[in-house]
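Here is what each chain is made of, one letter per residue.
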Amino acid sequence: MTILPTFEILGFPVSLPILIISLLAVVIIPIVLGRLLASGSKSGPSSVILFAGPRDAGKTSLLLYLQEKTLIPTQTSTAPATVKLFPLALSPADSQDEGSSTKPFHIKDTPGHPKLRSTAIDTIVQPTESCIGVIYVLDSAVLSTQARITDTAEYLYELLLAIQKRYAILSESATSTEPIPLLIACNKNDLFTALPSTKIGNLLQTELSRMKETKRKGLLNAGAGENDDEDLDRVLGDETSDKITWEGLKEFGVEVSVQSGSVKSGTVDGWTSWMSACLDA
Amino acid sequence: MLDLFEVITTSGVVLWSKSYAPVKSSVINSLISDVFIEERNQPGSDGKWFKKDSYTLKWTLAADVGLVFVAVYQSLLHLTWIDELLDQVKKLFVALYGEKIKTSAGTRIQCHFDQYFEASLRSFERKAGGTATIRPANASIEDPSSDGNGGGFSDGDEWSAPPPMPGVNNTRASNYQHQTPETPYSSEKPNPLIEVTPSATSSLVSPATMAQALLQASGRRPGRSRKNRKSAGPSSASSAHASSGEERSPARPGNKSKRGKEMRIWGEDGIAADASDDRKLDYSAGISTDDEQDESLRPKPEAIDQDTWGTRTSKGDFLLKDLDYEIDGILKQANKAENSEETNKKGPGGLASGLVGGAMGYLRNFVGGKTLTKEDTDKAISGVMTHLLEKNVAREAAVQICDSVQTSLIGQKTGSFQSIESLVKLAMEDALRKILTPTTSLDLLREIGQVREAEERPYVISIVGVNGVGKSTNLSKICFFLLQNKLKVLIAACDTFRSGAVEQLRVHARNLKELSEREGGVVELYEKGYGKDAANIAKDAVSYASTQGFDVVLIDTAGRRHNDQRLMSSLEKFAKFANPDKILMVGEALVGSDSVQQARNFNAAFGKERKLDGFIISKCDTVGDMVGTLISMVFATGIPVVFLGVGQNYTDLRTLNVKWAVGLLMS
């Protein structure tokens, strides 16, 4: 039997293996604990409804309206914000009706500036992040100019593409997946120049179709084919035709509905009931 | 004078704002999108100010709590103290509400910041010693509750019988009384406050019986108050000679407030919050200074007064007193915290604490949860900078990008088990993606279609650039792409300078014609030989194209050195004559640090109204992953990359994929 070297620490004799083991435990346990805690917190909030849309459309205002029931001034957002709400926030301000469920949900408000749109897109395509519905807030009063329609439709196209991708990923893992609901919230319909929601819906479908056509005809992306990145050559909706309709998109995992409203005049009932339906589903 | 002050969260919520004049919200919005998001500083501003319409905006950031403090004022005014005000307000606001904001996840919180702000603002305005301080009327926009209070005083003519005012005014009123007998004078200004004072003092100040003056004052009845008032004006006016240039001359009160400036800093803030009218504010200011004077003369009654008010009477006054100390206290604390942080960093306070702190800091490097300072990130940042330089990013651009990444990181906490290096790398990736992401649609085909449909004219694209970067080659690549989409294209040969330029295009046109015959596209060359004025040829080509029903006109121009003023100046005329829908500049991927200057000079060459619309980065196949030129050019101008040239063939034209480019740059 070999005699292990022993040390004396604070008057107690300690053998080498015990010393090593205890030292290892001291080093490893916090690391393991930390990892466990980190992975636990990484899953993020549950039941998230995502707000997206071009800037100045009223996403943050809508969020604050749901929170506070009043109109609160906002400026261009530069960072996303996730807010925890209770279903009670979706019922009209005057009613004291207790909602069917009291489970809280989250709203993630994303910036609308073109350079920051990746926040919303990334959230959607990340299957580990919760996203039970998307509200695309747009300014229905500015859609009379072609440039704004293009801008609005372009972001919507990217979002739809992202939702389609999420749906594809989810349906691979699960046997049956429900399409992800998307509400096009035509805000600011209190303004004189605002277009009605049906008109906006048609405008956007035509514009999306045109976009799909030019994207198909357009040049290849740099780096296409070098690495097998599947989202370089993905098309929105049906591969055989350039036409995009809301009905046609359902097959690809997006359930689109269009509703008018106005944060300023407080007519958000249509949107809140859509959100309630989202939560119940 | 300040027009607007706002505290905004990064998520876009206006937490608190104070407006002294209506300012469109688009003013601040453009600051946010231009400076914060697109990171384009206005020339000469060095990121310190931003001008929009007739306003100048200054701001400061509190990165750790995600707040932006913005001050808006008329550009005509040179307010030197704005920076200090921003700084002080930031400290106050963060000290008061920082914790709340952190827990509220960037959304709305309740804050009653008005008085603190008013106090700070006043103190700075007084220190500056400039013209009359506070703007009238609008001041109370944010403060409806106090509005009601001040309403009674708002009209100068109502001085005769105002009700006794509980609250803020009492101190002033009573103190004011001390002075009145000493300086009888005549003033035509109606003074509401003086009227108040007798009654106010009688009812509220009574406990201070030992103060003789107070007794005198309370003995006074409204009927005699006119005398009081008279005395009031001069007493303050006499001390305010320096401010004779006062623009608000009829309102003596203005003068008073000026005197207040010298005497006391925090005195009248409470009133300011309460007042809806300039005049009233000013009176209070004057009085408060008197207050100070008296204090030196008769400390005793003053002390007693304070006590009684603090306990007995209206909150307003008590708060007012409180506020002076409170603000001072908060600022002192904030400063102390800052200082102690610094000293901690420098010298070891004690061996044990130094050791523990060091060990914790060391652990945090691995475990995460470390709050980053500039020193922490320096090493990682310089590593990333070297990396960028190796990728052929121009030094100027690399330095600036790294700086902005570093500032965005300071105050952030590392995630669990996240090293500083990985955090910096992530932030850099984010920054690069933000730079390269275009803000406008770059779908050329759709735009051409829209112009054809809506305006029935040809879509004009012109191509500019330095010599030998591949203008004609890329033009013919674009032409090929358009022909594939069955468009009718006219090529205009506007390089009338270099021999062989026209012939070169003729060969391209012939090749393209052959290639595209089956596809159904039509291509034609418009040439006028050498030595003619390029702008005129371009103009003629466009009008020829519209009569002949072409869809697109592609204009080739002579290459020119970007620092040759003579050659560059002709571009302005060119842009005016040809009026292209898109001016694309071709830049080589091979060019190094010159890329920034090239992009800037070409961007500025088309006059005030016109800018470049996009870049074509050519010869990308020759540089491998060293695509730094992309970043340099886009960063310098904020103009997106439309196409990349990736080879020798007509088909070797690509659109930019931001993810791909960022991947290459960070690899």
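All figures in this text were calculated on a predicted structure; none of them were measured in a lab.

Quick notes on the rules
- Throughout this description, residue numbers start from 1 for each chain and increase along the sequence as written.
- Numbering of ligands from 1 and lettering of chains from A proceed in the order in which they are written.
- Reporting in this predicted model follows two pLDDT cut-offs: at least 70 for local features of residues, and 80 or more for side-chain atom pairs to be given and counted; totals over whole chains, interfaces and linings ignore these cut-offs and use all residues.
- Working from all heavy atoms in the structure, the side-chain values ignore hydrogens and water.
- Contacts between residues were defined by any pair of non-hydrogen atoms, one from each residue, lying within 4.5 Å.
- By definition, the buried area sums, over both parts, the 1.4 Å-probe accessible area that each loses when the two are put together.
- Salt bridges are defined as contacts in which a side-chain nitrogen from Lys or Arg sits within 4 Å of a carboxyl oxygen from Asp or Glu.
- In the analysis that follows, any N or O atom pair within 3.5 Å is treated as a polar contact, provided that within protein one partner can donate a hydrogen and the other can accept it, and provided that, for residues neighboring in sequence, both atoms belong to side chains.
- Secondary structure elements are taken from DSSP: a helix is a run of H or I of four residues or more, a strand is a run of E of two residues or more, and numbering for both begins at the N terminus.
- Under the scheme applied here, ten amino acids are nonpolar (Ala, Val, Leu, Ile, Met, Phe, Trp, Tyr, Cys and Pro), four are charged (Asp, Glu, Lys and Arg), and all others, including Gly, are polar.
- For patch detection, residues must exceed 30% relative accessible area and be free of salt bridges, and they are connected within 9 Å for like charges or within 5 Å for nonpolar side chains (Val, Leu, Ile, Met, Phe, Trp, Tyr).
- The Shrake-Rupley method, run with a 1.4 Å probe sphere, supplies the accessible areas, and residue values consider only the shown protein chains as cover.
- Two strands pair if DSSP finds at least two bridges between them.
- Between N-to-C directions, angles cover 0 to 180 degrees, with each direction set by a line fitted to C-alpha atoms, over the stretch in contact for helices.
- In this description, a nonpolar core means a group of buried Ala, Val, Leu, Ile, Met, Phe, Trp, Tyr and Cys residues linked to one another through side-chain atoms lying within 4.5 Å.
- With a 1.4 Å probe rolled over the protein chains alone, any residue whose accessible area is under 20% of its type maximum counts as buried; one over 50% counts as exposed, and the rest are partly exposed.
- Boundary definitions for the domains trace back to an automatic or database domain assignment.
- In this scheme the crossing of two helices becomes right-handed for a clockwise turn of the near helix relative to the far one and left-handed for an anticlockwise turn of less than a right angle.
- UniProt positions are given in the numbering used here, feature names are shortened, and annotations may be inferred rather than shown by experiment.

K.L.:
How do you make sense of the interface of chain A and chain B when you look at a structure like this?
P.N.:
Interface size is commonly expressed as the accessible surface area that is lost when the partners come together. At the junction of the two partners, chain A supplies 48 residues and chain B supplies 44 residues. Summing both sides of the interface, chain A and chain B together bury roughly 3,800 Å²; the carbon and sulfur share of this comes to 56%. The largest share of the area that chain A buries against chain B comes from Gln75, Lys115 and Leu219 of chain A, three residues that together contribute 22% of it. Inspection of the region where chain A meets chain B yields three salt bridges. The residue Arg446 of chain B makes a salt bridge to Glu207 of chain A at a minimum N-O spacing of 4.0 Å. Remark: the boundary between chain A and chain B carries 16 residue pairs in polar contact (both at pLDDT 80 or more). The greatest single-element share of the side of chain A that touches chain B, amounting to six residues, is contributed by helix α5 (residues 197-217) of chain A. In the side of chain A that touches chain B, the residues fall into 17 nonpolar, 17 polar and 14 charged.

K.L.:
I'm lost on a nonpolar patch on the surface in this one. Help?
P.N.:
A cluster of nonpolar side chains, namely Ile20, Leu24, Val26, Val27, Ile28, Ile31 and Val32 of chain A, defines an oily patch on the protein surface of about 590 Å² accessible area. Take Val27 of chain A: it is sitting in helix α1 (residues 16-42).

K.L.:
Help me out: how do you make sense of the sheet that holds strand β8 (residues 522-526) of chain B in this one?
P.N.:
Note on sheets: strands pair through backbone hydrogen bonds, and any given pair is parallel or antiparallel. All names here are of chain B. Read from one edge to the other, the open sheet built from eight strands follows the order β8-β7-β9-β6-β10-β11-β12-β13, with strand pairing classed as mixed. Because the sheet does not close on itself, it has two edges, and the strands there are β8 and β13 (653-655). On average, each strand axis in the sheet is tilted by 25° relative to the strand beside it, whichever way the strands run. Its contacts with the sheet place helix α21 (residues 534-548) against β6 (459-465), β7 (488-494), β8 and β9 (552-557), and it is angled at close to 165° to β7.

K.L.:
Looking at this structure, I do not really get the nonpolar core. What am I missing?
P.N.:
When a protein is soluble and globular, its nonpolar side chains tend to lie buried together. Leu482 and Phe615 of chain B are the most contacted members of the largest nonpolar core, which totals 93 residues. With nine residues, the top contributor of residues to this core is helix α17 (residues 420-436) of chain B. Split by domain, the residues of this core number at least three in each of domain 3 (363-436) and domain 4 (444-666) of chain B. Leaving out residues up to four positions away in the same chain, Leu482 of chain B has contacts with Leu445, Ile448, Leu487, Val489, Val552 and Leu554 of chain B. Counting 37 residues, the second-largest nonpolar core is a separate cluster that includes Leu156, Leu159, Tyr167 and Val254 of chain A.

K.L.:
What exactly am I supposed to notice about the packing of α17 of chain B against helix α24 (residues 628-637) of chain B here?
P.N.:
Between two packed helices, both the angle of their axes relative to each other and the distance between the axes serve to describe the pair. All names here are of chain B. Here α17 crosses α24 at 65°, and the two axes come no closer than 9 Å. Crossing hand, α17 versus α24: left-handed. Along the contact surface, α17 presents Leu432, Ile435 and Leu436, while α24 presents Leu630, Ile631, Val634 and Phe635. Residue composition of the contact of α17 with α24, by class: seven nonpolar, no polar and no charged.

K.L.:
What is the right way to read the UniProt feature "transmembrane region" (unreviewed entry) in chain A from this model?
P.N.:
Residues annotated in UniProt with the feature "transmembrane region" (unreviewed entry) correspond here to residues 12-33 of chain A. Counted over residues 12-33 of chain A, helix gives 82% and strand 18%. Its end C-alpha atoms are 29 Å apart.

K.L.:
For this particular structure, what's the right way to read the pairing of β6 of chain B?
P.N.:
For a regular strand, side chains alternate in direction, first toward one face of the sheet and then toward the other. All names here are of chain B. For β6, the tally of buried residues reaches seven of seven residues, placing the bulk of the element in the interior. Judged by which residues are buried, β6 turns out to be covered on both faces: Tyr459, Ile461, Ile463 and Gly465 on one side and Val460, Ser462 and Val464 on the other are all buried. Strand direction decides the pairing type here: β6 and β9, joined by five bridges, are parallel. Bridge assignment links Tyr459 to a residue of β9, and that residue is Val552. Note: β6 against strand β10 (residues 582-588), five bridges, orientation parallel. Opposite Val464, over in β10, you have Met585 as the bridge partner.

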